[in-house]
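Descriptive analysis of the structure
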Protein chains: 2
Amino acid sequence: MKRSYIREILDAINENTISFAGGLPNEDLFPLKQLKKASKKVFKQKNSLQYSKSQGLDSLREKIANFYTNIYALPTTKEEILITTGSQQAFDIILKSLHANNLVVESPSYIGALSAFKILKKDIKDFKTIEQLENIINKDEIFYCVSDYQNPSTYTYTKKQREKIANILEKKDAFLIEDAAYSLLNFQGKIKKPICKFYSEKSYHLGTFSKIVAPGLRVGWIRANKELIGNILAVKESLDLHTSTFNQMLLDAYLEENNIFKHINKNAKNYKKRMNYMADCMEKYLPNFQFKRPKGGMFIYGKFNNIEDSMALAKKALEQNVAFVPAEVFYFDEKKSNEARFNFTNCDFEKTKEGIKILAKLTK
Amino acid sequence: MKRSYIREILDAINENTISFAGGLPNEDLFPLKQLKKASKKVFKQKNSLQYSKSQGLDSLREKIANFYTNIYALPTTKEEILITTGSQQAFDIILKSLHANNLVVESPSYIGALSAFKILKKDIKDFKTIEQLENIINKDEIFYCVSDYQNPSTYTYTKKQREKIANILEKKDAFLIEDAAYSLLNFQGKIKKPICKFYSEKSYHLGTFSKIVAPGLRVGWIRANKELIGNILAVKESLDLHTSTFNQMLLDAYLEENNIFKHINKNAKNYKKRMNYMADCMEKYLPNFQFKRPKGGMFIYGKFNNIEDSMALAKKALEQNVAFVPAEVFYFDEKKSNEARFNFTNCDFEKTKEGIKILAKLTK
């Protein structure tokens, strides 16, 4: 079992490294004070330290269900929500509850999902165009995608594409795992309707507090119909019994006392500024790196026109204390690539400029 | 995928139920104040809400390593510890990192382990005597056991038996998963040397804060040699990236400021009293239930001499608002049994007496 190259980079990073590699939210934006205040309420309840239900805390699931009803215009009840230990855990849980051995993924794709699929020894296929998807996917196979500000590509499906994908999955009677890690973290305040809005029968929609509140709490969720939730409940239980009671109650109290969407908007504004600054630096110093400014999420993704292998560049850059992620780790077959992913949420302006300039020198 | 019967019972329990069913520590003993105090230190650090290393927090792993060096007389470094999201997660992580398809378990065995093994579609065998173990286990297969105050049987291996098991495993070149969930929770303050003390090469020793501090934080650990830890790291990462940073830092700060062994001793004293009270009630009102008083842990286990099927009794009892766990769920092949498990940590004296009396009536 190979450890993910991203983790290896992260391990190699020290305080002198200019890092565009991770996918870490900016710590200065964490609602530390508000969570501390919320914790006072939680520490008054003994059962915050006790075992709790595998499906998750009722009142937190109710609040998450309301996100769907109000924000995504997808009427949802708490029975259709299951709390996971971070969104990452959802892959293992869902796959163990199904018999499917075949998955279809986007290329490039989220590395954490690929690694969860590979550990369960699933067969992975990819596709080039949505038209192709129809030829590739079969009954009861699983389509996995990130529909907004995809990690790493930053791509967001249009409404037409969403409907088309939903039609294909329905026609083929396939499953959908729709990862919405970044859906709420958008720079224009416009929330797109998820694909599962158009195909609710066999779909799982994954959400997480990691990108909008704090990843260190490891709380995510799965939205699916009651029957599917029932099937994954035993798997969740066998995996870690339940997600931390304390952390669920902490988030529940936080949501009770604060307007999370105000908080998200503040973050999105901050991130947009950082993204634009990095994009400006790239256009100025790294003209051979071709990319589109993303409308949300945490990454800039593009390709180097003047080099063939971004992995080789990444290794050279790391020697010069600059880290980014070469795209071959995002392809399930790990093919060579001239593409690369840059995180913009976690590096100050000065360092960003310095890092991009170092890369400019290395690619000359 | 069947949900565990214990969870089903727990779901059926309401405020009027006298429950001996769960395995819940007593909430009144949680160090709520101390954890609240510790949280003040944690909330001063932004990185408590950030992603962190898959292996776990260095300083917490160091403290856990010290448990082994000082309490178990097993010299251990932090490189030999990996933090898990509750001890339950360790089963999935370890099994995914090995090629073994066969497991040998005790009969009866911990239901959470059985369920984790079954979900991964492993073949399970059991054995009657330690001598038999030698004939049953093969190279690279896995032996799973709870060596102290086993759940459910409350059995504790003698030193001789531990050495014998270690010898067999070494001779057969098999793996050991030694679950120490209850090892520190003993009524006499005597800590036995674990089996892995006598067979360190291919062994995993599992520990947890659930029984000694608070289960709601979902923090456990695996102790193994560096090579084995290296192999499971990628699996842990693919499963939930890492265990909650906040909860790890909270426990680390708690351990910094408090003597955990004083806390454990206080709990053990309280539990011993509860165990003896329940045992007294059983001897008085339920003379056909045959058991030995355990020297640690959270359960009384025994068999009804006057009935054949404890599952049927459990169902009748639940109708009368009394819950306990019939033993067939603890056998991997779910065979009928007249044995039963009673939890004594979580029910007050009056209700305990009342519940035992109701069972007495039902078995007459």
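Residues numbered from 1 in each chain as written. Chains lettered and ligands numbered in written order. Predicted model: local features only at pLDDT ≥ 70, side-chain atom pairs only at ≥ 80, totals over all residues. Heavy atoms only, no water.

- Going by the annotation in an unreviewed UniProt entry, the name recorded for chain A is Aminotransferase class I, with Malaciobacter mytili LMG 24559 given as the source organism.
- The UniProt entry for chain A carries the following text under Cofactor (unreviewed entry): "pyridoxal 5'-phosphate". (UniProt positions renumbered as here; feature names shortened; annotations may be inferred.)

Concerning the sheet that holds strand β8 (residues 220-223) of chain A
All names here are of chain A.
- Strand order in this open sheet of 7 strands is β2-β8-β7-β6-β5-β3-β4, and the pairing throughout is mixed. With partners counted over all chains shown, the strands left at the sheet margins are β2 (81-84) and β4 (123-126), one partner each. The sheet shows a mean angle of 25° between the axes of neighbouring strands, direction not considered. (Pairing = 2+ DSSP bridges. Helix = DSSP H or I, 4+ residues; strand = E, 2+ residues; numbered from the N terminus. Axes fitted to C-alpha atoms, helices over the stretch in contact; angles between N-to-C directions.)

Re the interface of chain B and chain A
- Between chain B and chain A, the contact holds 59 residues from the first and 58 residues from the second.
- Summed over both sides, the interface of chain B with chain A buries roughly 5200 Å², with 61% coming from carbon and sulfur.
- Seen at the junction of chain B and chain A, the total is 4 salt bridges.
- With 7 residues, helix α8 (residues 226-240) of chain B is the single largest residue contributor to the side of chain B that touches chain A. (Contact = heavy atoms within 4.5 Å. Buried area = accessible area lost by both parts, 1.4 Å probe. Salt bridge = Lys/Arg side-chain N within 4 Å of Asp/Glu carboxyl O.)

Regarding the domain arrangement of chain A
Residue and element names in this part refer to chain A.
- Split by domain assignment, chain A resolves into domain 1 (5-29 + 262-362) and domain 2 (50-257).
- Distance from the C-alpha centre of domain 1 to the C-alpha centre of domain 2: 26 Å.
- In this complex, domain 1 contributes 26 residues to the contact, which on the side of domain 2 involves 27 residues.
- Where domain 1 packs against domain 2, one counts 1 salt bridge.
- A salt bridge links Lys118 to Glu334; the shortest N-O distance between them is 3.4 Å.
- At the boundary of domain 1 and domain 2, one finds 7 residue pairs in polar contact (both at pLDDT 80 or more).
- At the level of elements, α10 (260-285) and β10 (299-304) are the ones that each hand at least two residues to the side of domain 1 that touches domain 2.
- Among the elements that line the side of domain 1 that touches domain 2, the one with the most residues is α10, at 7 residues.
- The residue inventory of the side of domain 1 that touches domain 2, partitioned by class, reads 16 nonpolar, 5 polar and 5 charged. (Domains from an automatic or database assignment. Polar contact = N/O pair within 3.5 Å; in protein donor to acceptor, adjacent residues only side chain to side chain. Nonpolar A, V, L, I, M, F, W, Y, C, P; charged D, E, K, R; others polar.)

Considerations on the packing of aromatic side chains
- Within this structure, the stated rule accounts for 45 aromatic pairs over all chains.
- Their ring planes at 75° and their centres at 5.6 Å tell us that Phe67 of chain A and Phe261 of chain A sit as a pair that is edge-to-face. One end of the pair, Phe67 of chain A, is in helix α3 (residues 58-70); the other, Phe261 of chain A, is in helix α10, and 194 residues separate them in sequence.
- By relative accessible area, Phe67 of chain A is classed as buried at 7%.
- Look at Phe304 of chain B and Phe324 of chain B: their rings are 6.3 Å apart centre to centre, the planes differ by 55°, and that puts the pair in the tilted class. Of this pair, Phe304 of chain B sits in strand β10 (residues 299-304) while Phe324 of chain B sits in the loop between β11 (322-323) and β12 (325-326), placing them 20 residues apart in sequence.
- An aromatic cluster is defined as three or more aromatic residues linked by ring pairs; in this entry it consists of Phe20, Phe289, Phe291, Phe304, Phe324 and Phe342 of chain A.
- The ring of Phe175 of chain B has Lys202 of chain B sitting right over it, with the charged end atom 4.4 Å from the ring centre. (Phe/Tyr/Trp six-rings, centres within 6.5 Å; stacked < 30°, edge-to-face > 60°. Buried < 20%, exposed > 50% of the residue type's maximum accessible area, 1.4 Å probe, protein only. Lys NZ or Arg CZ within 6 Å of the ring centre and 35° of its normal.)

Focus: the UniProt feature "domain: Aminotransferase class I/classII large" (unreviewed entry) in chain A
- The UniProt record marks residues 29-357 of chain A with the feature "domain: Aminotransferase class I/classII large" (unreviewed entry), using the residue numbering of this structure.
- End-to-end, the C-alpha atoms of residues 29-357 of chain A are 27 Å apart, and along that stretch the chain is 42% helix and 15% strand.

Description of the sheet that holds strand β9 (residues 289-291) of chain B
- With respect to topology, 4 strands assemble into an open sheet ordered β9-β10-β13-β12 (chain B), the strand pairing being antiparallel. Of all the strands in the sheet, just β9 and β12 of chain B have a single pairing partner and so form its edges.

Some remarks on the pairing of strand β6 (residues 175-179) of chain A
- With respect to burial, β6 of chain A is a largely interior element, 5 of its 5 residues being buried.
- Each parallel crossover has a hand, and for strand β5 (residues 142-146) of chain A linked through helix α7 (residues 159-172) of chain A to β6 of chain A it is right-handed. (Right-handed = clockwise from strand over helix to strand, strands pointing away.)

Notes on the packing of helix α4 (residues 88-97) of chain A against helix α8 (residues 226-240) of chain A
Residue and element names in this part refer to chain A.
- Taken N-terminus to C-terminus, the directions of α4 and α8 make an angle of 125°; their axes are 9 Å apart at the nearest point. On the basis of the axis angle, α4 is oblique to α8. Viewed along their axes, α4 and α8 form a crossing whose handedness is right-handed. Two secondary-structure elements touch here, α4 through Gln89, Asp92, Ile93, Ile94, Lys96 and Ser97 and α8 through Asn231, Ile232, Val235, Lys236, Leu239 and Asp240.
- For the contact of α4 with α8, the class distribution of residues is 5 nonpolar, 3 polar and 4 charged. (Parallel < 35°, antiparallel > 145°, perpendicular 65-115°, else oblique. Left-handed = near helix turned anticlockwise from the far one by under 90°.)

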